[in-house]
Each structure stands twice: as C-alpha cells, then as structure tokens.
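Single-letter residue listing:
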Amino acid sequence: MHSDTRSPTGRTTVVGDAPAPAHPGGGRALATLRWVFVGFAGLNLALLSNGSDVPPLRLMAVLGYAAAVVLSVVAALGGPERGRRITIVLHLAMAVLQFVFSIPVSVALLGIPLSVAILALSRPRFPRMSPRARRVWLTLHVGFSVGWLGVALTMTTLAVTAVATDSHPVRHGAYELLRVVDLAAAIPSMFLSILTGLVVSLGTKWGLVRHWWVIAKFAVSVSIPLVAGTVESALADELALRTADPAAGVGGAGAALTACLGGFTVALWAATILSVFKPWGRTRWGRAADARERGERRGIPVDRPAAPVRVARSHRDAVT
C-alpha cells in the first residue's frame, strides 16, 4: 500500500511501505558458518581422541569443543535474537580459547579466524566502558602488546645468534632457550594481548569492524599465532633436536626460522604504528553504526530502515 501526503508546496509525497529489517545476526552467511564451525569442532574432537600428550589441555579442548557444538546447534535452531546472543558469547570465548586448544591440536588455530568471522557477522553491540575501566583495560593491552613485541625481538635475536655463531654449545643453547621463551613468554603475551585488545575494541567507540586500522591490526594479531603454530614452532623444535648433535648444521631451517621471527617483529611494529596513526577512516559498518547511534540520540526508531520516498510533480501523479 501507498499513502499520499501533501507537502507545503502543494505537491504530493508518496511514501511506500518500509522494507523488512535485515535478518538479525547476519542471515544466510552466518547460518552457513555456524554449521561449518560445528563440523570444524567435530573434526577437532576426532583429532583430540587420538592423542595422549598434554592431558590437562587435551581434556580442556575436548570439553570446550563439545560445549561449542552443543551451543552452536542451540543457536542455529533457536530464535534469531536468542541465537545471535548465544553466538556472540560463544565465539568471543572461542576466538581466544582456541589459542590454548592449539597446543594439543594445532589445527585449532584455524578456528580463530572462523570464530572472528562469525562474530563479525553477528554484529555484536556492547555497552561502552566507563572512563576508569577503559584506562585499566587500555593499560593492560598496551603492556601485554609491548611485552609481545619484546618477546618477538628476543626470539629473533636468539635465532640470528644461532645461525651466525660457530660455537655448537651457543647454537644449541640458543635454540633450546628460544623454545622456552616461546612457551613461557610468547604464547601468554600473544593470548593476553589479543584478549585485552578485543575487550578494548568492543567496549569503546572504536569497535571491531568500524575502522579499517582496527581490522588491519586485528588481522596482524591473529595471523601471527596462525603462522607460529603451524610453521615457527615446528622449525624451533626441529632445530633444537637437530643441533643436539655437534656435527649437525642448521641448514635452510635456521634461515627460515630467522625470517619467520623477523617477520613477526616487523608485523608487530606495523600494528604499533597502526595504533598510533589510526589511518584509513571508517568502514561501511562503522558508518552505518554511526548513523544508527545518531538516530538513537534523536529518538528515531532504528529497527526499521527509512521508507522510500517519492515526490510527485503534480496532483495527477499521486498514487493512492
């Protein structure tokens, strides 16, 4: 149906029915990714059942993925708004927990970008933190991020030392120490930096997908553990074992590990630069969120998009 209204100039304005609001929670793409994640979690459960190393973390991963399967199914089969809320809480947790789950099963790292994609499609909205809470979380995020960069520099230095030295004890000791730093410092720093970064982005005006620099920084932060878990850790373990033999050389693996760690250092410096300069402006999601918030402040309903408006040139053209 259409209704006509008269403008002050005597022309007729025809207002059509407003289109239905978008499907809550991302629509068909989100529904597909939910089921993809269910399959991914099932794959990890199968892989976890065939190992025996790191029993406490393995049990934690089994329980985590089992709970994720159940909650994903509930979210997919429940109502749109309820499913959206369950999805947001679940994948906020899984985006971080899968760092830990990747210790007994490295393929769990691939679930991190999957959880982030599901989270972004769910369009989460969180209350803004108070100024005091923001300062606390921002301080934690800066501290852990600086620590992560320091650890990356330390590991790069150890890798360069191992390749450059002619002393077998120094070479083997450097690789052994590198493995210790990786487990004891790199993984916790990485985990806590990304966790606090998520809290700061979601609890402040910056958001997770509102600004291009935040997306770029988050992509850098997530890509490092993906490469570390699949490439860097394997190289470090191999070189620590190989150099136990005084006659063994490092070969191409030494150069590959050095390049990998050097790349991490450069990437973390790039993330630091992004945090300071904040380039590129807002994304289309950010612009839409800004418009929605301006409408809320003016008391304009935000659940219905603006109705299409057509202005007729004369009374003859009016549609009733």
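Here, every reference points to the structure presented above.
Read on for a plain summary of the structure. Note that the coordinates shown come from a computational prediction; the quantities given were computed from them, not determined experimentally.

Brief notes about helix α5 (residues 131-164)
Over its 34 residues, α5 extends 49 Å from the first C-alpha to the last, a length consistent with the 50 Å expected when each residue adds 1.5 Å. Among the residues making up α5, those that are buried are H141, W148, L149, V151, A152, M155, T156, L158, A159 and A162. Next to the buried residues of α5 lie α6 (168-202), α7 (212-242) and α8 (251-277).

Considerations on the packing of α5 against α8
In helix packing, the relevant descriptors are the interaxial angle and the interaxial distance, both defined with respect to the helix axes. Put simply, α5 and α8 touch, their axes get as near as 9 Å, and they point 155° apart. The angle between α5 and α8 falls in the class roughly antiparallel. Judged by the sense of rotation from one axis to the other, the crossing of α5 with α8 is left-handed. Together, W148, L149, A152, L153, M155, T156, A159, V160 and V163 of α5 and G254, A255, T258, L261, G262, T265, L268, W269 and T272 of α8 make up the contact between the two elements. Per-class residue counts for the contact of α5 with α8 are 12 nonpolar, six polar and no charged.

Description of the packing of aromatic side chains
Taken as a whole and judged by the stated rule, the model has four aromatic pairs. Ring plane angle 40° and centroid distance 6.3 Å describe the contact between F37 and F40, whose orientation is recorded as tilted. With F37 and F40 both in helix α1 (residues 27-48), this residue pair falls three residues apart, about one helical turn. Comparing F37 with F40 shows no difference in burial state: the two are buried. Three or more aromatic residues joined by ring pairs make a cluster, and in this case those are F37, F40, Y65 and F101. Against the face of W206 rests K205, its NZ or CZ located 4.8 Å from the ring centre. Positioned over the ring face of W213 is K278, at 5.1 Å from the centre of the ring.

Some words on the packing of α6 against α7
Look at α6 against α7: their axes get within 11 Å of each other, and the N-to-C directions meet at 160°. When the axes of α6 and α7 are compared, the pair comes out roughly antiparallel. Along this stretch, α6 crosses α7, giving a crossing that reads as left-handed. Together, H172, Y175, E176, L178, R179, D182, M190, I194, L198 and S201 of α6 and V214, F218, S221, P225, E232, S233, A236, D237, L239 and A240 of α7 make up the contact between the two elements. Tallied by class, residues from the contact of α6 with α7 come to 11 nonpolar, four polar and five charged.

A closer look at the nonpolar core
Grouped together as the largest cluster of nonpolar side chains are 44 residues, with contacts concentrated most on M155, Y175, L178, F218, I224, L257 and L261. Secondary-structure elements contributing two or more residues to this core are α3 (80-101), α4 (111-121), α5, α6, α7 and α8. Every residue in contact with L178, bar those within four places of it in the chain, is listed here: M155, L158, A159, E232, A236, L257 and L261.

Considerations on a positive patch on the surface
On the surface, a cluster of positive charge is contributed by R132, R134, R135, K205 and K278. With respect to the helices and strands, the residue R132 is situated in helix α5. Accessibility expressed as a relative area gives 65% for R132, which makes it exposed.

Here's the deal with the side chain of T283
Mapping T283 onto the fold places it in the loop between α8 and α9 (284-297). By relative accessible area, which is 0% here, T283 ends up buried. Within the local environment of T283, its side chain forms a polar contact with the backbone nitrogen of G286, the two atoms lying 3.1 Å apart. Leaving out residues up to four positions away in the same chain, T283 has contacts with V209, R210, H211, W212 and I215.

Describing the pattern of salt bridges
This structure, assessed with the given rule, holds five salt bridges. Across the pair R84 and E81 runs a salt bridge, and its minimum N-O distance is 3.2 Å. Linking R84 with E81, this pair stays in helix α3, spanning three residues, or about one helical turn. Close ionic contact of E238 with R242 constitutes a salt bridge, the shortest N to O distance being 2.2 Å. One end of the pair is E238 and the other is R242, both in helix α7 and four residues apart, which spans about a single turn.

As for the environment of A234
Checked against the element boundaries, A234 lands in helix α7. Overall, the relative accessible area of 44% leaves A234 in the partly exposed class. Here the alpha-carbon distance between A234 and A253, two residues 19 residues apart in the chain, equals 10.0 Å.

Thresholds, definitions, all that
Residues numbered from 1 in each chain as written. Predicted model: local features only at pLDDT ≥ 70, side-chain atom pairs only at ≥ 80, totals over all residues. Heavy atoms only, no water. Helix = DSSP H or I, 4+ residues; strand = E, 2+ residues; numbered from the N terminus. Expected span 1.5 Å × (residues − 1). Buried < 20%, exposed > 50% of the residue type's maximum accessible area, 1.4 Å probe, protein only. Contact = heavy atoms within 4.5 Å. Axes fitted to C-alpha atoms, helices over the stretch in contact; angles between N-to-C directions. Parallel < 35°, antiparallel > 145°, perpendicular 65-115°, else oblique. Left-handed = near helix turned anticlockwise from the far one by under 90°. Nonpolar A, V, L, I, M, F, W, Y, C, P; charged D, E, K, R; others polar. Phe/Tyr/Trp six-rings, centres within 6.5 Å; stacked < 30°, edge-to-face > 60°. Lys NZ or Arg CZ within 6 Å of the ring centre and 35° of its normal. Core = buried A, V, L, I, M, F, W, Y, C linked by side-chain atoms within 4.5 Å. Patch = residues over 30% accessible without salt bridge, like charges linked within 9 Å, V, L, I, M, F, W, Y side chains within 5 Å. Areas by Shrake-Rupley, 256 points an atom, 1.4 Å probe, with all protein chains shown as cover. Salt bridge = Lys/Arg side-chain N within 4 Å of Asp/Glu carboxyl O. Lys, Arg positive; Asp, Glu negative; His and termini not counted. Charge placed at Lys NZ, Arg CZ, Asp CG, Glu CD. Polar contact = N/O pair within 3.5 Å; in protein donor to acceptor, adjacent residues only side chain to side chain.

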